[in-house]
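# Structural features, examined
Here's the letter readout for the chains.
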Amino acid sequence: MLTLIGVLVVIAGFATKRNPLLVVGVAGVVTGLLGGLSLRDVLAAFGTGFAGSRSVTIFAITLPVIGLLERHGLQEQARAFIGRFAKLTTGRFLTLYLLLRQLTAAVGLQSVGGPAQTVRPMVAPIAEGAAERRHGTLPERVCERVRSYAASADTVGLFFGEDCFLAVGSILLITGFVNTTYGTHLEPVRLALWAIPTAACAFVIHGARLLCLDRALERESAAVGAPQARRSAGEAAS
Amino acid sequence: MIKAEWFYWLIGAVFLTMAVQMLRDRTNPKRRGTAAFWGLIGAGFVYSTFVVDKTAPAEPLGAAVLLMAVLAGFGFTGRGAVRTDHAQRAASAARLGNRIFLPALTIPVVAMLCAVVVKGWRIGRTPVLEPGSETILGLGAGAVIALVVAMVLLRERRPAEPLHAGRGMLEAMGWALLLPQLLATLGAIFQQAGVGRAVGGITSQLLPHGQTYTAVVVYCLGMALFTMIMGNAFAAFPVMTAAVGWPVLIQQAHGNPAAVLATGMLAGFCGTLCTPMAANFNIVPATLLELKDQYGPIKAQLPTAGALLVCTMLIMALFAF
């Protein structure tokens, strides 16, 4: 039970908004030492943990090209691009992206999208551009909200798409764990099929919330005041 | 065969080069700390190769990781001045038009081709891409090819330019880039120290015997909550399945194993949507999008996660028994 103190350190640290790196570092050392590891073991655990988890940081390889393109106006062009599709509102565009992300992940193409590859350079600016076209300059709070929703469309789409694919980590973990622990012969394909109902619910729920975002944006911009809303999106983009 | 480790060396080299650029950047008031932080990560990426194949001890790397946490955690890192302004970028966008999307779209297209087509290529009997690493190698190849396409399109001859641009984004992200890896480590330490067993023990004590639908709720809710603590449904799954899923839902109540386990895992994913512990999905996007509110994406996902968790319980209760 003492080992659960590490969990409390994490919860308390995040709740009081300390720097997450320090919180996690301290929680790791505390949990390790309370759990009977020596200081050397704890250091070794941090070392092997870093070495074994490098794949979560590989998106950094896309930053030079994305950064270069952004210096040449990639985000600005993404905003301008959406201007030609008058019917594509923020909510409709993000719903479409959610669907695409789910479908591509479901056929095993998880790395096609992502916060560094697609959301920052294209999806978020397009979503913002669509909102600006309808409502003029967005107050910062609204801007943040649109970007947060763009990130959420990517994450929800990935999570509830990838599990419909046979060779994904979570499916392999389930079959690996159950087949070795309980000596059964669970087929990955049946697990993938049983992920479909939840995936469909995820699309309906999150898609509906993304569409509702349009109405929320309308309300908020009406509250900010009509004069601002009349300004053209082009000169307002920042 | 192209190996994943080569690709990690490339990323290490990129980080190290950026660290040198950071050290020289006099617009950054904390340039030394910033360069030390990213230099250590870059060196760690290379050194990790030897830790993985067990030819070097892991302890020095562990010490370096804790040093990185201290550097970023106590505010020794910062960022330099941004170089371009909005007018320049807008003018450039107007000149290039939609052609500027071409390199950006190259990344996903190449990643897709590697995962689908190149995966099957062989030279003699050896596959071209290291088996099991095709997707990350695809992302790496996509990024490199996209960079070449971009430099040709933009008539940019200096390779330092994209590195400077990428470095600016790294500096803006700061500590958030290291957090997912540190959390993966914490998960492993939790596991070694027996946190899973402790949580499993508590859960099975709370569970009333013989009530299938209560057990469904406990399993799904437990998966979500435990995932929020660990930041990862993979860590929660063996614990909750050993405590509730297998003995109660499958053995006692004769649930359909595939339905119970697949839906249970997805209940865990609902937890992942709500926790800062899943930093790579929730915190990294917030810093990449330069949000003031780090918890913005989590707030956008919270209602969806709650409703979906109820859906998983209903799906399991209705169709698994």
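Residues numbered from 1 in each chain as written. Chains lettered and ligands numbered in written order. Predicted model: local features only at pLDDT ≥ 70, side-chain atom pairs only at ≥ 80, totals over all residues.

Chain B is annotated in an unreviewed UniProt entry as DUF979 domain-containing protein of Streptomyces humicola.

As annotated in an unreviewed UniProt entry, chain A is DUF969 domain-containing protein from Streptomyces humicola.

## Focus: the overall build of chain A
Inclusion rule: Segments assigned H or I by DSSP are reported as helices when at least four residues long, segments assigned E as strands when at least two residues long, and all are numbered from the N terminus. Only C-alpha atoms enter the radius of gyration; for comparison, a globular chain is expected to reach 2.2 Å times N to the power 0.38, where N is the number of residues. The exposure label follows from counting other C-beta atoms within 10 Å of a residue's C-beta, where the C-beta atoms are placed from the backbone and the thresholds are 20 or more for buried and 12 or fewer for exposed, leaving partly exposed in between. Throughout, a residue-residue contact means that the two C-beta atoms, derived from backbone geometry, are no farther apart than 7 Å.
Helix and strand counts for chain A come out as 13 helices and zero strands. Written out in order from the N terminus, the α and β elements of chain A read α-α-α-α-α-α-α-α-α-α-α-α-α. Relative to its length of 238 residues, chain A is extended, with a C-alpha radius of gyration of 22 Å against a globular reference of 18 Å. With the principal axes as the frame, chain A shows a C-alpha extent of 65 × 45 × 35 Å. A burial count over chain A gives 58% of its 238 residues as buried. When contacts within chain A are restricted to residue pairs at least 6 apart in sequence, those whose partners lie at least 24 apart make up 76%.

## A look at the overall build of chain B
The helix and strand inventory of chain B stands at 14 helices and two strands. Along the longest, intermediate and shortest principal axes, the C-alpha atoms of chain B span 70 × 45 × 45 Å. Looking at chain B residue by residue over its 321 residues, the buried ones come to 54%. Considering only intrachain contacts with a sequence separation of at least 6, the fraction spanning at least 24 residues in chain B is 72%.

## Considerations on the interface of chain A and chain B
The cut-off we apply is this: When residue character is reported, Ala, Val, Leu, Ile, Met, Phe, Trp, Tyr, Cys and Pro are called nonpolar, Asp, Glu, Lys and Arg charged, and the others, Gly included, polar.
Of the residues lining the interface, 101 residues belong to chain A; the matching set on chain B comes to 115 residues. By residue number, the principal contributor to the side of chain A that touches chain B is helix 3 (residues 39-52) of chain A, which donates 11 residues. By residue class, the composition of the side of chain A that touches chain B is 56 nonpolar, 34 polar and 11 charged.

## What about the nonpolar core?
Where we set the bar: In this usage, the nonpolar core is the set of buried Ala, Val, Leu, Ile, Met, Phe, Trp, Tyr and Cys residues whose C-beta atoms join them within 7 Å.
The biggest cluster of nonpolar side chains holds 187 residues, and the ones touching the most others in it are Ala127(A), Ala150(A), Leu179(B) and Ala262(B). In contact with Leu179(B), other than residues within four places in its own chain, are Pro20(A), Leu21(A), Val24(A), Ala279(B) and Ile283(B).

## Quick word on the domain arrangement of chain B
Size of an interface, as often reported, equals the accessible area lost when the parts are brought together. Test applied: Boundaries of every domain are those given by an automatic assignment or by a domain database.
Here chain B is described as being made up of domain 1 (4-81), domain 2 (86-158) and domain 3 (179-319). Taking only C-alpha atoms, the centre of domain 2 of chain B and the centre of domain 3 of chain B are 35 Å apart.

## Overview of the domain arrangement of chain A
Parsing chain A into structural domains produces domain 1 (4-52) and domain 2 (59-236). The C-alpha-based centres of domain 1 of chain A and domain 2 of chain A are spaced at 32 Å.

## A closer look at the UniProt feature "transmembrane region" (unreviewed entry) in chain A
Just so we agree on the cut-off: UniProt positions are given in the numbering used here, feature names are shortened, and annotations may be inferred rather than shown by experiment.
In this structure's numbering, the residues bearing the UniProt feature "transmembrane region" (unreviewed entry) are residues 21-39, 51-69, 155-179 and 191-212 of chain A. With 79% helix and 0% strand, the stretch residues 21-39 of chain A has end C-alpha atoms that lie 19 Å from each other.

## Observations regarding unusual backbone geometry
All names here are of chain B. The backbone of Lys 54 shows a phi angle near 60°, a positive value even though the residue is not glycine. Examined against the element boundaries, Lys 54 turns out to sit in the loop between helix 2 (31-52) and helix 3 (59-73). We classify Lys 54 as exposed; it has 9 C-beta atoms within 10 Å. The phi torsion at His 254 lies on the positive side, around 55°, for a residue other than glycine. The residue His 254 is located in the loop between helix 11 (233-252) and helix 12 (257-272) in this model. Taking the number of C-beta atoms within 10 Å as the measure of exposure, His 254 has 11 and is therefore exposed.

## Overview of the packing of helix 10 (residues 212-230) of chain B against helix 12 of chain B
Residues and elements named next belong to chain B. Here is the rule: For helices, the axis comes from a line fit to the C-alpha atoms of the stretch in contact; other axes are also lines fit to C-alpha atoms, and the angle between any two N-to-C directions lies between 0 and 180 degrees. Each angle gets one of four labels, with under 35 degrees taken as roughly parallel, over 145 as roughly antiparallel, 65 to 115 as roughly perpendicular, and the rest as oblique. Definitions for this section: a left-handed crossing has its near helix turned counterclockwise from the far helix by less than a right angle. A right-handed crossing has that turn clockwise.
The interhelical angle for the contact between helix 10 and helix 12, taken along N-to-C directions, is 40°, at an axis separation of 7 Å. With respect to helix 12, the axis of helix 10 lies oblique. For the pair helix 10 and helix 12, the crossing hand works out as right-handed. Together, Tyr 219, Cys 220, Met 223, Ala 224, Leu 225, Thr 227 and Met 228 of helix 10 and Gly 264, Ala 267, Gly 268, Cys 270, Gly 271 and Thr 272 of helix 12 make up the contact between the two elements.

## Considering the environment of Gly200(B)
Residues and elements named next belong to chain B. With respect to the helices and strands, the residue Gly 200 is situated in helix 9 (residues 195-206). It is 26 Å that separates the C-alpha atoms of Gly 200 and Phe 281, two residues lying 81 residues apart in sequence. Ignoring anything within four residues of it in the chain, the contact list for Gly 200 reads Val 239, Ala 242 and Ala 243.

## Overview of the packing of helix 1 (residues 4-24) of chain B against helix 2 of chain B
Residues and elements named next belong to chain B. With their axes 8 Å apart at the nearest point, helix 1 and helix 2 run at an angle of 165° to one another. In this view, helix 1 runs roughly antiparallel relative to helix 2, as classed from their interaxial angle. Like other packed secondary-structure pairs, helix 1 and helix 2 cross with a definite hand, here left-handed. Its residues placed into classes, the contact of helix 1 with helix 2 shows 15 nonpolar, six polar and three charged.

## Quick look at helix 2 of chain B
Note the following rule: Expected span of a helix: the number of residues minus one, times 1.5 Å. Working definition for bend: take the seven residues up to and ending at a residue and the seven starting at it, fit an axis to each, and measure the angle between the axes.
For helix 2 of chain B, which comprises 22 residues, the first-to-last C-alpha distance of 31 Å matches the rise-based estimate of 32 Å (1.5 Å per residue) to within 8%. Bending of helix 2 of chain B peaks at approximately 30° at the position of Val46(B). Within helix 2 of chain B the residues assigned to the buried category are Thr34(B), Ala35(B), Phe37(B), Trp38(B), Leu40(B), Ile41(B), Gly42(B), Gly44(B), Phe45(B), Tyr47(B), Ser48(B) and Val51(B). Residues of helix 2 of chain B that are buried in the fold lie against helix 3 of chain A together with helix 1, helix 3 and helix 7 (160-173) of chain B. Two residues or fewer past helix 2 of chain B, Lys54(B) is found with a positive phi of approximately 60°.

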